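# Close look at the chain arrangement
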Amino acid sequence: MTGNKKKYDLIVVGAGHAGCEAALAAARMGCRVLLMAIDLDKVAAMPCSPSIGGMAKGQLVKEVDALGGEMARVTDQTAIQYRTLNTKKGPAVHSSRTQNDKARYHMIMKGVVERQPNLDLKQALVERLVVEGKRVAGVEDQTGFGYAADVVILATGTFLSGLVHVGFKSYQAGRAGEFAAYSLPVQLQALGLQLGRMKTGTPPRLKKASIDFTAFDLQTGDAQPTPFSYFTQAIPMRQLPSYIGFTNPRAHRVMQTNLKRSALYGGMIKGVSARYCPAFEDKMVRFPDKDRHQVILEPEGVHTDEIYASGLGNSMPLEIQLEFVRSVKGLEEAEIMRPAYAIEYDYVNPVQLKQTLETQLIDGLFLAGQINGTSGYEEAAAQGLWAGINAACKIQARPPFILDRSQAYMAVLVDDLVTRGTNEPYRMFTSRAEYRLMLREDNADLRLMEAGHEYGLIDSDTLTDMQARREQIAREIKRVKQTVIKPDPAVNAHLTARGTPPIKSGVYLDQLLKRAQLSYDTVKTLAAESREVPDRVAKQVEIEIKYEGYIQRQLQQIERFKHMERIKIPAGFDFKAVHGLSNELKEKLSAVRPASLGQASRIDGITPAALSVLMITLRADDAKSLRKRVDGD
């Protein structure tokens, strides 16, 4: 093997959202990093929806930002529409979402990567890992040229054995128009990793001038957009609307009549589809009684005529796609600029990973993004940051970066993957986070910036600013709880005008704030000495007081959860030697290798009785170990 003379600490294979975050994090932590992409013109591409965030996904982006990642910053530089979702519900499920100029997103992120010290960006198709014994030592590209490194992160997206389907026509590609990687998954399987097959897809792109937008409802963004990143001072892009419409029985007949001509139902596709973002053929089969489905037309950028037709994804032949699209009101004359397609690809069963996202079989090999069975740019970015920090920690002989489920959505994501695995594309939802009231978008900085600073990704000034804000929040909560509002005509008129009963005796200000009809802004003026505080402080004060009872209850649940997490399982523990466990549970525990009793409790099929047996065995082993140490002394 001809090799590059330059030795890297870390090589990242794949420059999508996972790969960029991984490479940037490791480089910023002082590692010498090589980031390899099949096509440098597709760095941080948006091959599907031109958007960032959404329900639960917005929380992931905020967490990446709070830890020092890049996605939120680039999002703000490229966003053409901001919307906050779930605003009629409680703050635990509020989620930010943007429409983005996809070409600008790619260019901005590529520029960030190119300018990052310690980071080289190169175009190459990686064909093979260099493995010495059970340890990774670098990679080799399609020309046979090698690059040496002690750690490799695979962030390969949909490129492993990628196969694109349009009707019964199939061709090898990682995405439409791009090469796929076929040698690498064969090697991964030969090394002992268990691979599976998944399927995703993308809807057609339509020519803007061919659409009758008057047949659709206008959907504008937030009147006062809130930036995604804590570091954004201004939003530079012109804001654009989207358009909402619906399919109809005629469109459904086109799909139902031609169902067997789709790749999905014609037997071409073997991979598992996403339940939560189904192709239109799937909608016809799963929801046969629905007479319409939503269609959202979203601009792909400021300087392009391409419109992303969300909701019309399918794997039909092009002539059927055209008939289907033109059966939708407002799209009768629509021109398809890029057809919809389905894509199958290989993924690695993530139960074969440690909590750091390093493989259990090959030392120094980490996996991040869709290779772990996830879907979505945001899930990929979160895993990339997680893997990048942990890879740098391994290189620098530092303790690993591991958060638990009570600390971050990204910890829920990683824990779900490595503990339970997935046999379908995994998507983050607020319902997956049992402590979601504590894991809000609005407090990601308060939760995670100290960790980001510890790993060198958040600077001291930013940390000091966050800590000062936290202290200001605590002082204001204390003041509100100590302030008594006495009844007088002005106070009661103020309360009555807002639809809440007047008071007959003195009431602490926090008790008034807990009333559903009142907000921090409406009650602060009732105090004789009201205090002006920044909006971000006021928001935290209001949430902390309004939801105080629920927050206390969740804190108690978290303490019980942490008790289980504190009971550690030694790295070399022999689960097969535990008496009282079924063979099935022994196999599951041996495959996942949980790091704690808490993680073991979340493995599918683990019963309370099995946990008791495991705990007794661990205590017995601890007692034996203690006796040995005493005898040795």
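Here the structure is a predicted model, which is why all the values come from computation and not from measurement.

How each quantity is defined
- Residues numbered from 1 in each chain as written.
- Predicted model: local features only at pLDDT ≥ 70, side-chain atom pairs only at ≥ 80, totals over all residues.
- Heavy atoms only, no water.
- Pairing = 2+ DSSP bridges.
- Helix = DSSP H or I, 4+ residues; strand = E, 2+ residues; numbered from the N terminus.
- Axes fitted to C-alpha atoms, helices over the stretch in contact; angles between N-to-C directions.
- Buried < 20%, exposed > 50% of the residue type's maximum accessible area, 1.4 Å probe, protein only.
- Contact = heavy atoms within 4.5 Å.
- Salt bridge = Lys/Arg side-chain N within 4 Å of Asp/Glu carboxyl O.
- Phe/Tyr/Trp six-rings, centres within 6.5 Å; stacked < 30°, edge-to-face > 60°.
- Parallel < 35°, antiparallel > 145°, perpendicular 65-115°, else oblique.
- Left-handed = near helix turned anticlockwise from the far one by under 90°.
- Nonpolar A, V, L, I, M, F, W, Y, C, P; charged D, E, K, R; others polar.

### Concerning the sheet that holds strand E12 (residues 169-172)
In spatial order, the strands read E12-E11-E20-E13; together these four strands make up an open sheet with antiparallel pairing. Edge strands, defined here as strands with exactly one partner in the open sheet, are E12 and strand E13 (195-202). Neighbour-to-neighbour, the strand axes of this sheet turn through a mean angle of 25 degrees, independent of strand direction. Pairing analysis gives four bridges linking strand E11 (residues 163-166) to E12, with the strands arranged antiparallel. The residue of E12 that forms the bridge with His165 is Ser170.

### Some thoughts on helix H18 (residues 583-592)
All of the buried residues along H18 are Leu585, Lys586, Leu589, Ser590 and Val592. Looking one or two residues beyond H18, the residue adopting positive phi is Arg593, at roughly 55 degrees.

### Regarding the sheet that holds strand E6 (residues 95-100)
In spatial order, the strands read E4-E6-E5; together these three strands make up an open sheet with antiparallel pairing. At either end of the open sheet lies a strand with only one pairing partner, and these are strand E4 (51-53) and strand E5 (79-85). Between one strand and the next, the sheet's axes are offset by a mean angle of 20 degrees, whatever the strand orientation. Sheet analysis places E4 next to E6, joined by three bridges and oriented antiparallel. Within E6, the residue paired with Gly53 across the bridge is Arg97. Helix H2 (residues 57-66) rests against E4 and E6 of the sheet, and its axis sits at about 80 degrees to E4.

### Considerations on unusual backbone geometry
Phi at Asn118 takes a positive value of approximately 75 degrees, unusual for a residue other than glycine. Topologically, Asn118 is positioned in the loop between helix H4 (102-115) and strand E7 (119-123). The class for Asn118 is partly exposed, based on a relative accessible area of 41%. Residue Leu357 is not a glycine yet carries a positive backbone phi of 75 degrees. Within the secondary structure, Leu357 sits in the loop between strand E20 (341-348) and strand E21 (365-367). Classification of Leu357 as buried rests on a relative accessible area of 0%.

### Some remarks on the pattern of salt bridges
Note that side chains of opposite charge can pair when their charged atoms are close. For the structure shown, the criterion picks out 47 salt bridges. Close ionic contact of Glu344 with Arg197 constitutes a salt bridge, the shortest N to O distance being 3.9 Å. Pair noted here: Glu344 is in strand E20 and Arg197 is in strand E13, with a separation of 147 residues, a long-range link. Relative accessible area serves as the criterion here: at 2%, Glu344 is assigned to the buried category. Each of Arg405, Asp415, Asp416, Arg420, Glu434, Glu565 and Arg602 takes part in salt bridges that share partners, so that together they form one network.

### Some remarks on the packing of aromatic side chains
A complete count under the given rule lists eight aromatic pairs for this structure. A ring pair is formed by Phe401 and Tyr455, whose centres lie 5.4 Å apart and whose planes are at 80 degrees; its orientation type is edge-to-face. Here Phe401 is found in the loop between helix H9 (377-395) and helix H10 (409-420), whereas its partner Tyr455 is found in the loop between helix H11 (444-454) and helix H12 (460-482), with 54 residues between them in sequence. Between Tyr547 and Tyr550 the ring centres are 6.4 Å apart and the planes differ by 50 degrees, which places this aromatic pair in the tilted class.

### Let's talk about the packing of H2 against H9
Two numbers describe how H2 lies on H9: the axes approach to 9 Å, and their chain directions differ by 30 degrees. With respect to H9, the element H2 is oriented roughly parallel. The handedness of the crossing between H2 and H9 is left-handed. Of H9, the residues touching H2 (which contributes Lys57, Leu60, Val61 and Val64) are Glu378, Glu379, Ala381, Ala382 and Leu385. Here the residues of the contact of H2 with H9 sort into six nonpolar, no polar and three charged.

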